[in-house]
Amino acid sequence: GAVVSQHPSRVICKSGTSVKIECRSLDFQATTMFWYRQFPKKSLMLMATSNEGSKATYEQGVEKDKFLINHASLTLSTLTVTSAHPEDSSFYICSARDGVAEYNEQFFGPGTRLTVL
Amino acid sequence: AQSVTQLGSHVSVSEGALVLLRCNYSSSVPPYLFWYVQYPNQGLQLLLKYTTGATLVKGINGFEAEFKKSETSFHLTKPSAHMSDAAEYFCAVSGGSARQLTFGSGTQLTVLP
């Protein structure tokens, strides 16, 4: 099956700093990538959808200036949490899909645990 | 618009017993339905999916689910639970222009020895 990696798996940072999380599709070209946020014991909340070479589409209530998404190539998308604060602490998961065919499933990365002190 | 409701945030079964995790959905378009499993501090793994065709879908690890349009349900079952099945399970429906996934709130499955 298709593999999606995320880096780093864990990051601890000080309040006010920025953190970048990478999402890579290792063996396929991901025309669409999705970024999710998951709070403890909660479901996944879609933050944004990004298509290669175009601006990300953010879900309602997600600050686009706070969560910068770049999908510069068909195998890499990055999420940058700018000026992180403790309330940004969460588990961030990306997923990737090849093509736009309706049946194409999303393949999920292993997630990144962000802790902001 | 689409939504998913998972009844029961926690389900406990004995090892060897039937597993039944409930999922109901709403969708304004013909739905694509999915069940995912998540182990602690890991991403999601696809168990099975329904797109079109046969309404009884078989997945990995002995799980299966049946799409019932009249009941707008997609319940997940496994005849005999194993200790390794203990995890969080998410039902999801796919829709929208980008075929985004909308997830249910999840069900934590505990398997008792």
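Quick note: structure is the one above.
Just so we're clear, the structure is a prediction, and the values are computed from it rather than from any experiment.

Colleague: Now, about the overall build of chain A: what can you tell me, with residues and values included?
Modeller: Along the backbone of chain A there are zero helices and eleven strands. Moving toward the C terminus, one meets the helices and strands of chain A in the order β-β-β-β-β-β-β-β-β-β-β. With the principal axes as the frame, chain A shows a C-alpha extent of 40 × 25 × 25 Å. Counting every position in chain A, which comprises 117 residues, the buried fraction comes to 49%. Nonlocal contacts in chain A, meaning residues at least 24 apart in sequence, comprise 55% of its contacts between residues at least 6 apart. Taken as a whole, chain A presents about 5800 Å² of accessible surface, with 53% of it coming from carbon and sulfur. A gap of 9 Å separates the mean positions of the 12 positive and 11 negative side-chain charges of chain A.

Colleague: Any chance you could break down the overall build of chain B for me, citing the residues and the numbers?
Modeller: Scanning chain B for helices and strands turns up zero helices and twelve strands. When the helices and strands of chain B are listed from N to C terminus, the series reads β-β-β-β-β-β-β-β-β-β-β-β. For chain B, the C-alpha radius of gyration of 13 Å lies close to 13 Å, the compact-globule estimate for 113 residues. Taken over the C-alpha atoms alone, chain B extends approximately 45 × 30 × 20 Å along its principal axes. A buried classification covers 48% of the 113 residues belonging to chain B. Intrachain contacts of chain B at a sequence separation of at least 6 include 57% that bridge at least 24 residues. Roughly 5200 Å² of accessible area belongs to chain B as shown, and the carbon and sulfur atoms make up 54% of that amount. The distance from the centre of the 7 positive side-chain charges to the centre of the 6 negative ones in chain B is 10 Å.

Colleague: Any chance you could break down the interface of chain A and chain B for me, citing the residues and the numbers?
Modeller: Taken together, the contacts link 21 residues of chain A with 19 residues of chain B. Buried area between chain A and chain B, summed over both chains or domains, comes out near 1700 Å², and the portion from carbon and sulfur atoms is 51%. Taken together, the connections running from chain A to chain B amount to zero salt bridges. In this assembly, chain A and chain B are joined by four residue pairs in polar contact (both at pLDDT 80 or more). Going through the elements one at a time, β4 (32-38), β5 (44-51) and β9 (90-97) of chain A are the ones with two or more residues in the side of chain A that touches chain B.

Colleague: Please give an account of the state of the cysteines that cites residues and values.
Modeller: Taken as a whole, this structure holds two disulfides over all chains when the rule is applied. One disulfide in the model links cysteine 23 of chain B with cysteine 91 of chain B; its S-S distance is 1.9 Å. Handedness of the cysteine 23 of chain B-cysteine 91 of chain B disulfide follows from its S-S torsion of about -60 degrees: it is left-handed. Remark: cysteine 91 of chain B occurs in strand β10 (residues 87-95) and cysteine 23 of chain B occurs in the loop between β3 (19-21) and β4 (24-27); sequence separation between them is 68 residues. Cysteine 91 of chain B matches cysteine 23 of chain B in its accessibility class, with the two residues each being buried. Here cysteine 13 of chain A stays unpaired: no disulfide links it, and the sulfur of cysteine 94 of chain A, its closest cysteine neighbor, is 18 Å away.

Colleague: Could you give an account of the pairing of strand β2 (residues 10-13) of chain A, with specific residues and numbers?
Modeller: Residues and elements named next belong to chain A. Covered by surrounding structure in β2 are Val11 and Cys13 only, the residues Arg10 and Ile12 on the alternate face being uncovered. Note: β2 against strand β11 (residues 112-116), four bridges, orientation parallel. Residue pairing across strands places valine 11 opposite leucine 114, the latter belonging to β11.

Colleague: Explain the pattern of salt bridges residue by residue, including any values.
Modeller: Residues and elements named next belong to chain B. Enumeration over the complete set of coordinates arrives at four salt bridges over all chains. For lysine 78, the salt bridge goes to aspartate 85, with nearest N and O atoms at 2.8 Å. Taken as a pair, lysine 78 and aspartate 85 share a single burial class, namely buried.

Colleague: Which residues make up the packing of aromatic side chains, and what are the values?
Modeller: A complete count under the given rule lists twelve aromatic pairs over all chains for this structure. For the ring pair phenylalanine 67 of chain A and tyrosine 92 of chain A, a centre distance of 6.3 Å and an interplane angle of 45 degrees mean the geometry is tilted. With phenylalanine 67 of chain A in strand β7 (residues 67-73) and tyrosine 92 of chain A in strand β9, this residue pair connects regions lying 25 residues apart in the sequence. The class of tyrosine 92 of chain A is buried, set by a relative accessible area of 0%. Through successive ring pairs, a cluster of aromatic residues spans Tyr36 and Phe108 of chain A together with Phe34, Tyr36, Phe90 and Phe103 of chain B.

Colleague: Requested: an account of the environment of glycine 16 of chain B, with residues and values cited.
Modeller: Residues and elements named next belong to chain B. Here glycine 16 shows up in the loop between β2 (10-14) and β3. With a relative accessible area of 42%, glycine 16 lands in the partly exposed category. Between the alpha carbons of glycine 16 and glycine 53 there is a distance of 30 Å; along the sequence they are 37 residues apart. Sequence-distant contacts of glycine 16, that is, excluding residues within four places in its chain, are made with Pro79, Ser80 and Ala81.

About the cut-offs
- Residues numbered from 1 in each chain as written.
- Chains lettered and ligands numbered in written order.
- Predicted model: local features only at pLDDT ≥ 70, side-chain atom pairs only at ≥ 80, totals over all residues.
- Heavy atoms only, no water.
- Helix = DSSP H or I, 4+ residues; strand = E, 2+ residues; numbered from the N terminus.
- Buried < 20%, exposed > 50% of the residue type's maximum accessible area, 1.4 Å probe, protein only.
- Contact = heavy atoms within 4.5 Å.
- Areas by Shrake-Rupley, 256 points an atom, 1.4 Å probe, with all protein chains shown as cover.
- Lys, Arg positive; Asp, Glu negative; His and termini not counted.
- Charge placed at Lys NZ, Arg CZ, Asp CG, Glu CD.
- Rg over C-alpha atoms; globule rule 2.2 N^0.38 Å.
- Buried area = accessible area lost by both parts, 1.4 Å probe.
- Salt bridge = Lys/Arg side-chain N within 4 Å of Asp/Glu carboxyl O.
- Polar contact = N/O pair within 3.5 Å; in protein donor to acceptor, adjacent residues only side chain to side chain.
- Disulfide = S-S within 2.5 Å.
- Pairing = 2+ DSSP bridges.
- Phe/Tyr/Trp six-rings, centres within 6.5 Å; stacked < 30°, edge-to-face > 60°.

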